[in-house]
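Per-entry structural report
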Amino acid sequence: MKPAPFAYYAPHTLEEATGLLADHGYEAKLLAGGQSLIPTMNFRLAQPAVLIDLNPVAELAYIRTDADGGLCIGAMTRQAQVEHSRLVAEAAPLLHEAMPLVAHPPIRNRGTIGGSLAHADPASELPAVLLTLGGRVQAQSRRGVRTIAADDLFVGIFTTSLEPDEILTEVQFPPVPPRSGFAVTEVARRHGDYALVGVAAWVVLAADGRCQQARLSFFGVGEGPVFAHRACALLQGQRPEPALIAEAAQVAATADVDPQSDIHASAAYRRHLVAVLGRRVLTTAFARAAGG
Amino acid sequence: MTTSLPIRVTVNGRVYERTVEPRLLLSDFLRHELELTGTHVGCEHGVCGACTILFDGAPVRSCLLFAVQAHGHELMTVEGLSSDPNHLHPLQQAFHEAHGLQCGFCTPGFLMTLLPFVQSHPDPTEEQIRLAISGNLCRCTGYENIVAAVKLAAAKLSGRPAAHLALTGHHAPSQGGGA
């Protein structure tokens, strides 16, 4: 079980990296943490002719807040660094809470936030967190820089709207308004496995205690992270009573997701989990938003 | 550029210079090029944890890195735990005493995953231990004695008496002389 031969480049600057990617385009793969790419290369499911290793590009690893209080994380920041960052815990509590669910500690020591998003595994946590928070990514190529909203980034199984010559360089999370509450949870066969079903929630309460905004995304139930539009619409402007929360979670299970059966779980079981986990995260998120 | 590249790697304090193909996995580099066969290769796709080593001090899967990526970096393998073949590292000694292994195939990966953990957790809870080893598979022990070994190792390393530790069942260490 050995990878097929490839040409290896280890650029030290982003400019070099975008230049190499522009030259090699479709036959090249970017190597970030490698915790998903290298297994597929070991199995020869992926046989890129060219590998461009972003690990020496030091300028892509950072965590900082912007002028508005939003959070900006360089794409090559290790998941373990995100997990243990106080800045992340303060500026993006949902991301902080999700990090321990991402695989295992030795994987997070190597895996990167940008790599996980660009890989877009439909059962992975970080795409759903980005979608729930209404985050964005920055993509750079020799042609220039553009910003892609999470809504537009995830387009299918393991597929993003990044162009072949673009490198995901930065992940951006908006500032957290007052009376916000967050929660994330998942069910997996073993801790650290990919989720059978997972869900991330962000709610904001109005001053009168009504739901000003609810954002709920599921993972493991579709071709990418699935935003529960109907469930969120049901909560909008309402008092988050237990009966309403349960109804919203049920709507998510019946109207927002369309899970498939596979060797890990049946579609019916996944729907069941959507309703149960949806109710749990909404209950927790609303309680946290209320300061409870 | 598929041709071999020169690399310079520090492993267990010793500097090695070799020329390697880019596709050579770090796990195979350690075993075949440096003959450090203490690092075991199980699944080769990041699931089992047997090949875990320290990369600049942090546990990582050596089967999920290419040897060329280790250029200029500092590695530690299980061979680096103790320089004296007659003297085990306290973590190894704890695995021995608490019977934290049977066949031993997974043990190097467990030890290298746990080394920074026991150094930074002088009195870990069972839950912390189980999360720390969640990425390592053992098919023999059922993990109970590995958890006990970690508690014992943490006690040894922090200089606490280990007498209060409840080691499980028949595998509790004998107190001198016993079979």
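Please read all numbers here as calculations on a predicted model, not as lab measurements.

Overview of the overall build of chain A
Summing up its helical and strand segments, chain A has 12 helices and 14 strands in all. Scaling as 2.2 N^0.38, a compact globule of 292 residues should have a C-alpha radius of gyration of about 19 Å, and chain A matches this with 19 Å. Principal-axis analysis of the C-alpha atoms gives chain A an extent of 60 × 45 × 30 Å. By residue count, 53% of the 292 residues in chain A fall in the buried class.

Some details on the overall build of chain B
When helices and strands are counted, chain B shows 5 helices and 5 strands. Of the regular secondary structure in chain B, the N- to C-terminal order runs β-β-α-β-β-β-α-α-α-α. Looking at the 179 residues of chain B, the share that counts as buried comes to 45%. A separation of at least 24 residues holds for 59% of the contacts in chain B among residues at least 6 apart in sequence.

A look at the nonpolar core
Ile52(A) and Ala201(A) are the most contacted members of the largest nonpolar core, which has 151 residues in total. Other than its neighbours up to four places away in sequence, Ala201(A) contacts Thr132(A), Phe182(A), Ala183(A), Arg215(A), Leu216(A), Val281(A), Leu282(A) and Ala285(A).

Looking at the sheet that holds strand β10 (residues 167–173) of chain A
Residues and elements named next belong to chain A. Judged by pairing direction, the sheet is antiparallel, and its 5 strands sit side by side in the order β4-β5-β10-β6-β7 without closing on themselves. The open sheet has two free edges, formed respectively by β4 (63–65) and β7 (144–149), since each of these has just one partner strand. Averaged over all neighbouring strand pairs, the angle between strand axes comes to 25°, with direction disregarded.

Observations regarding the sheet that holds strand β2 (residues 28–31) of chain A
Residues and elements named next belong to chain A. Strand order across the open sheet formed by 3 strands is β1-β3-β2, with parallel pairing between neighbours. Edge positions in the open sheet fall to β1 (7–9) and β2, since each of these has one partner strand only. Neighbour to neighbour, the strand axes of the sheet diverge by 20° on average, direction disregarded. One ladder, built from 4 bridges, connects β2 with strand β3 (residues 50–53); its direction is parallel. Following the sheet pairing, Leu-30 is matched in β3 by Ile-52. Across the sheet, helix α1 (residues 14–24) touches β1, β2 and β3, and the angle it forms with β3 is around 165°.

As for the interface of chain A and chain B
Of the residues lining the interface, 26 residues belong to chain A; the matching set on chain B comes to 22 residues. Elements represented by at least two residues in the side of chain A that touches chain B include exactly β1, α2 (37–42), β3 and α6 (105–108) of chain A. Split by residue class, the side of chain A that touches chain B holds 15 nonpolar, 8 polar and 3 charged.

Re helix α11 (residues 242–256) of chain A
All names here are of chain A. For α11, which comprises 15 residues, the first-to-last C-alpha distance of 20 Å matches the rise-based estimate of 21 Å (1.5 Å per residue) to within 8%. For α11, every residue scored as buried is listed here: Ile-245, Ala-248, Ala-249, Val-251, Ala-252, Ala-253 and Asp-256. Where α11 is buried, its residues meet β13 (211–219), β14 (226–227), α10 (229–235) and α12 (267–289).

A look at the pairing of β3(A)
Two faces, one strand: in a regular strand the side chains alternate between the faces of the sheet. Residues and elements named next belong to chain A. Alternating positions in β3 separate into two faces, Val-50 and Ile-52 on one and Leu-51 and Asp-53 on the other, with burial throughout. Of the pairings in the sheet, the one linking β1 to β3 comprises 3 bridges and is parallel in character. Bridge pairing links Tyr-9 to Ile-52 in β3. Between β2 and its parallel partner β3, the chain crosses via α2, and the hand of that crossover is right-handed.

Focus: α1(A)
Residue and element names in this part refer to chain A. Of all the positions in α1, only Ala-17, Thr-18, Leu-20 and Leu-21 are classed as buried. Seen along its axis, α1 keeps its buried residues to an arc of 160°; they face one direction. Contacts from the buried residues of α1 go to β1, β2, β3, β6 (136–141) and β10. Downstream of α1 by a residue or two, Gly-25 has a phi angle that is positive, lying close to 40°.

Quick look at the confidence of the model for chain B
Of the residues in chain B, 89% have a pLDDT of 70 or more, and the chain-wide mean is 91. At the level of chain-chain contacts, confidence expressed as ipTM amounts to 0.94, with global pTM at 0.94.

Examining the environment of Gly115(A)
All names here are of chain A. Its location among the elements puts Gly-115 in helix α7 (residues 113–119). With 24 C-beta atoms packed within 10 Å, Gly-115 lands in the buried category. The spacing of Gly-115 and Gly-237 is 122 residues in sequence and 37 Å in space, taken between C-alpha atoms. Discounting chain neighbours no more than four positions away, the residues touching Gly-115 are Ala-32 and Gly-33.

Re the pairing of β10(A)
Residues and elements named next belong to chain A. Counting buried positions along β10 gives 6 out of 7 residues, so the element sits mostly inside the fold. Strand direction decides the pairing type here: strand β5 (residues 71–74) and β10, joined by 4 bridges, are antiparallel. For Ile-73, the partnering residue across the bridge sits in β10 and is Val-171. The pairing of β6 with β10 spans 5 bridges and is classified as antiparallel.

Points about unusual backbone geometry
At Phe158(A), a position not held by glycine, the phi torsion is positive, near 55°. At Tyr143(B), a residue that is not glycine, the phi angle is positive and equals roughly 75°. Locating Tyr143(B) in the fold gives a position in the loop between α4 (126–132) and α5 (144–158). Look at Tyr143(B) and you get partly exposed, because 16 C-beta atoms sit within 10 Å.

Basis of the calculations
Residues numbered from 1 in each chain as written. Chains lettered and ligands numbered in written order. Predicted model: local features only at pLDDT ≥ 70, side-chain atom pairs only at ≥ 80, totals over all residues. Helix = DSSP H or I, 4+ residues; strand = E, 2+ residues; numbered from the N terminus. Rg over C-alpha atoms; globule rule 2.2 N^0.38 Å. Buried ≥ 20, exposed ≤ 12 C-beta atoms within 10 Å, placed from the backbone. Contact = placed C-beta atoms within 7 Å. Core = buried A, V, L, I, M, F, W, Y, C linked by C-beta atoms within 7 Å. Pairing = 2+ DSSP bridges. Axes fitted to C-alpha atoms, helices over the stretch in contact; angles between N-to-C directions. Nonpolar A, V, L, I, M, F, W, Y, C, P; charged D, E, K, R; others polar. Expected span 1.5 Å × (residues − 1). Right-handed = clockwise from strand over helix to strand, strands pointing away. Arc of directions from axis to C-beta. pLDDT = per-residue confidence, 0-100.

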